[in-house]
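Observations on the three-dimensional arrangement
If you want the building blocks of each chain, they are given just below.
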Amino acid sequence: MVPETSLFLKKISPNKYELLTKDLDIEQGSYSIQNIDGLWIMKKLAQTSMFKNSEIHTKGFFIFEDSNSATKFAYSIREDIEQEKVKGIKGFNNRFYFFSTTYYTKMKDKIIPLLTVSPQTLTQLAEGLEVNEDIVKGILELLKEDGLVFEKKKDVFHKI
């Protein structure tokens, strides 16, 4: 969970608020405003340092449901993306997939031989690799982008 910074405001009029807490260093970022018993509370949702640079290299992947989180993540690891240590792609299912290059290569080396034997469905690949379908879907999106795999029918993949 992302740590929150709270700022307490009191609503004076429709467009005016009174700051109740002083001496706060307010950072740039996204905030949500909630009304709790007549007291308006502004909470920091995320910060650019919310992702540790090494975290993707230990986990191997990140999958995001929304573009805001994906953009913040991409910004926080932009050096690794520029150095091609991390690959990312937006899938047709509107999810954003990021993989460390070593994890992508490891998975690619497992998937390509399976597709060489015969076309496989997403479910068959996930079960054969004992990996979550979302991860396999992201790897397949990158393989399609690299021109190694194509999807003849929905969720049926062939090696090129």
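The structure contained in this document is the topic of the report that follows. These numbers were taken from a predicted model, which means no experiment stands behind them.

1. Focus: the sheet that holds strand β5 (residues 61-64)
Strand order in the open sheet made by the three strands is β5-β7-β6, with antiparallel pairing throughout. Where the open sheet ends on each side, the last strands, each with one partner, are β5 and β6 (86-90). Geometrically, the sheet is characterised by an average inter-axis angle of 10° between neighbouring strands, direction not taken into account. By the bridge criterion, five bridges tie β6 to strand β7 (residues 96-100) in an arrangement that is antiparallel. Looking at the pairing, Lys-90 lines up with Phe-96 of β7. Contacts from helix α2 (residues 67-76) reach β5 and β7 within the one sheet, and its direction differs from that of β7 by about 25°.

2. With respect to the sheet that holds strand β10 (residues 156-159)
Taking strand neighbours across the sheet as the criterion, the three strands line up as β8-β10-β9 in an open arrangement whose pairing is antiparallel. What marks the edges here is a single partner per strand, and that holds for β8 (120-121) and β9 (149-153). The pairing of β8 with β10 spans two bridges and is antiparallel. Note that in β10 the partner of Thr-121 across the bridge is Val-156.

Cut-offs applied
- Residues numbered from 1 in each chain as written.
- Predicted model: local features only at pLDDT ≥ 70, side-chain atom pairs only at ≥ 80, totals over all residues.
- Heavy atoms only, no water.
- Pairing = 2+ DSSP bridges.
- Helix = DSSP H or I, 4+ residues; strand = E, 2+ residues; numbered from the N terminus.
- Axes fitted to C-alpha atoms, helices over the stretch in contact; angles between N-to-C directions.
- Contact = heavy atoms within 4.5 Å.

No statement about biological role is implied by the geometric values presented.
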